[in-house]
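# Architecture at a glance
Below, each chain spelled out in residue letters.
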Amino acid sequence: MGNNCVKLKKSKAEIAPCEFVKDSPVVVLYGSPTVPLTSYIRFALHHKTVSVRMVSAETPVLGRDTLVLQCGSDTVSGSRETLMRYIESRFPRPPLVVSRGGDWDGTTPLIVTATRLQHRSMTWHIERMVRWAEDLAARGGRGAVDPRVGSPRMEVKKFARSYGQLLELMLEHAQMEERTVFAILEKADRGLSKAANEEHARDLPIMNGIKEDIKSIGVLDSGTPAYQEALSSVSTRLKSLQEHCKQHFEAEERDLLPLMEAAELSKAQDERVLEQCWDAMQGTHSHLFRFFVEGLPPHDAMTYLGLIIRCSDQDRAAAILRLVIE
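None of the values given here were measured: they were computed from a predicted structure. (Residues numbered from 1 in each chain as written. Predicted model: local features only at pLDDT ≥ 70, side-chain atom pairs only at ≥ 80, totals over all residues. Heavy atoms only, no water.)

### Remarks on the overall build of the protein chain
Looking only at helices and strands, the protein chain has 13 helices and five strands in total. In the protein chain, which comprises 326 residues, the share counted as buried stands at 46%. Considering only intrachain contacts with a sequence separation of at least 6, the fraction spanning at least 24 residues in the protein chain is 77%. Surface summary for the protein chain: the accessible area is close to 16400 Å², and the carbon and sulfur share equals 52%. (Helix = DSSP H or I, 4+ residues; strand = E, 2+ residues; numbered from the N terminus. Buried < 20%, exposed > 50% of the residue type's maximum accessible area, 1.4 Å probe, protein only. Contact = heavy atoms within 4.5 Å. Areas by Shrake-Rupley, 256 points an atom, 1.4 Å probe, with all protein chains shown as cover.)

Shown next, in the form of structure tokens:
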């Protein structure tokens with residue numbers, strides 16, 4: 001190979017976050033820790049429960065965007081698909097790449113896949129908030145069994161913060177839909193997205209009202225009748241929001257999103273609309289991306305990360321993906 005050898009240097013990312021399991025295989029990654037593909041592969045290996053060592057490598061042959069994976073006597077490099085085929089074959093559980101069909105059928109517009117996955121994440125987080133609110137109301141001001149949750153007041157602050165994150169995600173998602181999906185459908189046939197737009201407007205006061213109700217709980221004395229009543233009210237309102245969102249997401253996925261295929265976007269238009277999605281989601285995806293991904297099962301998360309890798313601004317894609325592995 002002459003002088004084109006790999007020069008290694010230490011990196012803060014030398015040891016990647018992962019679940020270390022006794023006697024688990026060790027995977028060594030050679031490449032730049034700052035490119036999107038590296039974060040994508042590290043995320044996949046994290047869910048395969050293997051030990052991962054990231055070694056920053058500089059070589060004229062590899063180039064900045066090339067990643068080399070080494071496991072035992074195996075050495076693999078190439079495209080994202082090549083690396084994932086090896087990972088899925090070498091570490092089959094849990095499966096992370098879904099066979100073609102549904103969101104992977106090759107004909108579904110990219111923005112439709114992104115929208116469906118955002119629905120799934122928000123649905124999971126809403127269900128989590130409902131369960132948490134029910135538990136708070138059932139305890140009526142008593143502390144949680146796990147002392148790490150803190151005092152009742154500390155727990156309510158955590159509850160408020162989590163709901164605030166969900167609210168920010170939902171509002172930005174709604175704006176994204178209005179600027180991309182709804183705008184395209186309105187251009188094709190005026191009035192197609194009228195009902196969905198009205199539902200966005202209807203749910204906004206409900207979502208903001210819940211936020212204010214949670215704030216009011218934080219200043220009440222735990223265990224008092226007023227505290228208990230406020231918790232019960234928040235629990236009821238969250239259940240109502242959950243039902244509204246369920247119906248809204250189902251209606252969009254049944255009645256609106258399939259029409260995006262009828263819009264017959266060209267490949268370039270498809271990619272451009274996905275870019276507009278990332279522009280609209282810039283706020284939450286710059287600081288709440290880990291929160292968002294928590295709401296997706298691993299195979300859905302991999303699909304979403306695969307969409308982000310398509311971003312024309314690779315620095316932005318890399319910054320977003322690093323949030324889930326650092």
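### Section: unusual backbone geometry
Put simply, Arg93 and Pro94 share a cis peptide bond, and its omega is -10 degrees. Structurally, Pro94 can be placed in the loop between helix H2 (80-90) and helix H3 (110-139). In this model, Thr49 sits at a positive phi of 55 degrees, which is unusual for a non-glycine residue. Mapped onto the fold, Thr49 is located in the loop between helix H1 (36-47) and strand S3 (51-58). Despite not being glycine, Glu264 has its phi angle at roughly 50 degrees, a positive value. If you trace the backbone, Glu264 turns up in the loop between helix H8 (259-262) and helix H9 (267-280).

### Comments concerning the pattern of salt bridges
Counting across every chain of the model gives 14 salt bridges. In this structure, Glu212 engages Lys215 in a salt bridge whose closest nitrogen and oxygen atoms are separated by 3.8 Å. With Glu212 and Lys215 both in helix H6 (residues 194-217), this residue pair falls three residues apart, about one helical turn. Given a relative accessible area of 44%, Glu212 falls into the partly exposed group. Across the salt bridge formed by Arg310 and Glu271, the nearest N and O atoms sit 2.6 Å from each other. One end of the pair, Arg310, is in the loop between helix H12 (298-309) and helix H13 (314-322); the other, Glu271, is in helix H9, and 39 residues separate them in sequence. (Salt bridge = Lys/Arg side-chain N within 4 Å of Asp/Glu carboxyl O.)

### Remarks on the nonpolar core
Ile41, Leu45 and Leu69 are the most contacted members of the largest nonpolar core, which has 88 residues in total. Considering every element that reaches this core, the biggest residue donor is H3, with 13 residues. When sequence neighbours within four positions are dropped, the list of residues in contact with Leu45 reads Val27, Leu29, Val50, Val52, Leu69, Ile87 and Phe91. Within the second largest apolar cluster, five residues are counted, among which are Val28, Tyr30, Ala57 and Val68. (Core = buried A, V, L, I, M, F, W, Y, C linked by side-chain atoms within 4.5 Å.)

### Examining the side chain of Glu252
With respect to the helices and strands, Glu252 occurs in helix H7 (residues 225-256). No salt bridge is formed by the buried Glu252; the nearest opposite charge belongs to Arg116, separated by 9.7 Å. Setting aside its immediate chain neighbours within four residues, Glu252 contacts His119, Glu177, Phe182, Ala196, His200, Leu257 and Pro258. (Lys, Arg positive; Asp, Glu negative; His and termini not counted.)

### A closer look at the environment of Arg90
Topologically, Arg90 is positioned in helix H2. Given a relative accessible area of 37%, Arg90 falls into the partly exposed group. Sequence-wise, Arg90 and Cys71 are 19 residues apart; in three dimensions their C-alpha atoms are separated by 9.3 Å. If near-sequence neighbours (up to four positions away) are discounted, Arg90 is found in contact with Pro25, Cys71 and Asp74.

### Here we look at the packing of H3 against H12
Look at H3 against H12: their axes get within 10 Å of each other, and the N-to-C directions meet at 140 degrees. Classed by the angle they form, the pair H3 and H12 counts as oblique. Two packed elements cross with a definite hand, and for H3 against H12 that hand is left-handed. Residue-level contacts link Leu110, Thr113, Ala114, Leu117, Gln118 and Arg120 of H3 to Asp300, Thr303, Tyr304 and Leu307 of H12. Of the residues assigned to the contact of H3 with H12, the class counts are five nonpolar, three polar and two charged. (Axes fitted to C-alpha atoms, helices over the stretch in contact; angles between N-to-C directions. Parallel < 35°, antiparallel > 145°, perpendicular 65-115°, else oblique. Left-handed = near helix turned anticlockwise from the far one by under 90°. Nonpolar A, V, L, I, M, F, W, Y, C, P; charged D, E, K, R; others polar.)

### Details of the packing of aromatic side chains
Two numbers describe a pair of aromatic rings. These are the distance of the centres and the angle of the planes. What the rule picks out here adds up to five aromatic pairs. Considering the side-chain rings of Trp132 and Phe159, the 5.1 Å spacing of their centres and the 90 degrees angle between planes classify their relative orientation as edge-to-face. Of this pair, Trp132 sits in helix H3 while Phe159 sits in helix H4 (residues 152-179), placing them 27 residues apart in sequence. Across the pair, exposure class does not vary: Trp132 and Phe159 are buried alike. Geometry around Tyr40 places Arg80 over its ring, the cationic atom sitting 5.1 Å from the centre. (Phe/Tyr/Trp six-rings, centres within 6.5 Å; stacked < 30°, edge-to-face > 60°. Lys NZ or Arg CZ within 6 Å of the ring centre and 35° of its normal.)

### Some thoughts on the pairing of strand S2 (residues 26-31)
Of all six residues in S2, five are buried, a share of seventy percent or more. In this structure, S2 lies alongside strand S4 (residues 68-71), joined through four bridges in antiparallel fashion. Along S4, the bridge assignment pairs Val28 with Gln70. (Pairing = 2+ DSSP bridges.)

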